[in-house]
Amino acid sequence: MAKLNLNRVAMSRQAPKKRAKNFNEVALGYSWEQAQEEASRCIQCPKRNCVEGCPVEVDIPDFIKAIREDDMPEAVRILKSKNALPGICGRVCPQETQCEATCTLAKKEAPIAIGRLERFVADWERANMGATKKRPKSPKSTDKKIAVVGSGPAGLTAAAELARLGHGVTIFEALHVAGGVLMYGIPEFRLPKEIVQAEVDYVASLGVKIELDSVVGKLATLDEIVAQGYDAIFLGTGAGLPMFMGYPSENLNGIYSANEFLTRVNLMKAYLFPDYDTPVKIGKQVAVIGGGNVAMDSARCALRLGADKVYIVYRRSEAEMPARREEVENAMEEGIEFKLLTNPKKFLGNEQNWVVGMECHEMELGEPDESGRRRPVVKEGSEFTIDVDEVIVALGTRPNPLIASTTPGLDTTKWGTVVADEATGKTVKDRVWAGGDIVTGAATVISAMGAGKVAAADMDRFLRG
Ligand SMILES: Cc1cc2nc3c(=O)[nH]c(=O)nc-3n(C[C@H](O)[C@H](O)[C@H](O)COP(=O)(O)OP(=O)(O)OC[C@H]3O[C@@H](n4cnc5c(N)ncnc54)[C@H](O)[C@@H]3O)c2cc1C
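Summary of the structure given here. Keep in mind that this is a model prediction, so the values were computed, not measured. (Residues numbered from 1 in each chain as written. Predicted model: local features only at pLDDT ≥ 70, side-chain atom pairs only at ≥ 80, totals over all residues. Heavy atoms only, no water.)

What follows is about the side chain of Ser382. Mapped onto the fold, Ser382 is located in the loop between strand E12 (374-378) and strand E13 (384-387). In this view, Ser382 contacts Cys360, His361 and Glu362; residues no more than four positions away in its chain are not counted. (Helix = DSSP H or I, 4+ residues; strand = E, 2+ residues; numbered from the N terminus. Contact = heavy atoms within 4.5 Å.)

So, about the pairing of strand E14 (residues 390-393). Of the two faces of E14, the one holding Glu390 and Ile392 and the one holding Val391 and Val393 are both buried throughout. Direction of pairing for strand E6 (residues 255-257) relative to E14: parallel, over a ladder of three bridges. When the bridges of E14 are listed, Ile255 appears paired with Val391. Bridging between strand E7 (residues 285-289) and E14 involves four bridges; their strand directions are parallel. Counted as the bridge partner of Ala287 is Val391 from E14. (Buried < 20%, exposed > 50% of the residue type's maximum accessible area, 1.4 Å probe, protein only. Pairing = 2+ DSSP bridges.)

Right, let's talk about the nonpolar core for a bit. Membership of the largest hydrophobic core comes to 71 residues, with the highest contact counts inside it found for Ile60, Phe63, Ile67 and Leu117. Looking at which element gives the most residues to this core, the answer is helix H18 (residues 445-463), with eight residues. In this view, Leu117 contacts Tyr30, Ala35, Glu38, Ala39, Phe63, Ile64, Ile67 and Ile112; residues no more than four positions away in its chain are not counted. Residues Val288, Ala295, Ala302 and Ile312 belong to the second largest nonpolar core, which totals 33 residues. (Core = buried A, V, L, I, M, F, W, Y, C linked by side-chain atoms within 4.5 Å.)

Here we take up the pattern of salt bridges. If you walk through the whole model with that rule in mind, you get 38 salt bridges. In this structure, Arg41 and Glu38 form a salt bridge, with 2.6 Å as the shortest nitrogen-oxygen distance. Ionic pairing is found between Arg300 and Glu327, a salt bridge with its closest N-O pair at 2.8 Å. Separated by 27 residues along the polypeptide, Arg300 in helix H14 (residues 293-304) and Glu327 in helix H15 (residues 325-334) bring together distant segments of the chain. Judged by relative accessible area, Glu327 falls into the buried class, the value being 4%. Taken together, the shared-partner salt bridges connect Arg13, Arg19, Arg190, Asp297, Arg300, Arg304, Glu327, Glu333 and Glu334 into one network. (Salt bridge = Lys/Arg side-chain N within 4 Å of Asp/Glu carboxyl O.)

Our next topic: the sheet that holds E6. Taking strand neighbours across the sheet as the criterion, the five strands line up as E6-E14-E7-E8-E9 in an open arrangement whose pairing is parallel. Each edge of the open sheet carries a strand with a single partner, namely E6 and strand E9 (337-339). Each adjacent strand pair in this sheet contributes to an overall mean axis angle of 20°, direction not counted. Strand contacts of helix H13 (residues 258-267): E6 and E14, with the helix running at about 85° to E6, the strand carrying the most contacts. (Axes fitted to C-alpha atoms, helices over the stretch in contact; angles between N-to-C directions.)

Have a look at this one:
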């Protein structure tokens, strides 16, 4: 038997000093030779544990085999038959806790770099076939009409699945572009918007109509949408409402929610000034509060916009950080300073009410809390001050209350998330399904896609009686 190759092929990245000054993509993807070498490490084990680790059940060993045989159109076909957004997933999915965690080689050492190979296939398709050209044959129409509310990964996946089954699907999206967080939140240097747009176009090419600038709950309620002749609704409106520390001093000028900051920088393209004239504060000493992907993205954007010093201020230790390991390492390499076991006590302002500093406590870790992570406890008498002229609060998000407040009969939790059956996505309201961050609270792209897929299957069963 051939000896196992336990070393995965590294992917090139822009050098830290260079990339800290531009918004171009950091990770550069595999070359054909690198993809071949990595694909050849897959042992094609019969148990297919990796497929079980994938919320959308991509036939991972099969597309890797197709790469190995240099049959790229077949690799594309296999991948896209289960995942309409492979270029996105290949870049931002936390594979290390999903398909790569269950890969048989993970028991020995380095699992197959499934995400990098997925990205390779998606990028090959865009360069060689055009994302929308090769699409499955149109199915027979069922004459059923479905409204999908929200065009993030949950909504796009539900829409693609339902269109493939022959239903007439219209997505209603509040913003002027489709893609949800993929467009307005995750920065260009991690997920180029050209790739998101190509995958949104692919979903549209399956026959899905996308109505932009359509705020459901304002233009029409869910009941009115049903009255207009829609047979079923999928709610994928995400969790876009930011949470704050709740201190009165948080209202000082120069303090942003990460949502607002990232929306200005990414969606409204402040990073392309002067071509796009979107105002955003360019801080010189910036503190970002939080330890998730949103905090890493905010800190790295602030650095690229010209800050001299950017701090991540996080109340637990590095081990508890919810951000992807890869992104924490990228941020550290770029020069972001991590102030761990630190929590702001209050923000300090000048006479013009601009933030000029942040008084913080040192923290220590106590017993685990309900999340299973050790609870951070204030170290008495440990106060110190950091000079800052911009603060970005990245403490998590909740669903916007608009849909819940305009939809009688929808069950919601105390956090504002919509209650839906995990196995079907069905809410307690007739003809309404839901999935993604609106149900789970802020989570991941692939979990939102998995929920979209589960709900689409149940909606199809309902529509076919
Ligand atoms: C900055 C940032 C970085 C992240 N990084 C990662 C990462 O690296 N990896 C990862 O897996 N996950 C990451 N996430 C989380 C991931 O992006 C989300 O979990 C995922 O996008 C949720 O998908 P969704 O479809 O449920 O909602 P969203 O992507 O939020 O999409 C919801 C859509 O619904 C629209 N909408 C809302 N209300 C209405 C309404 N009333 N009418 C019509 N449309 C409406 C919104 O405009 C939006 O377009 C990140 C999140 C952020 C904010």
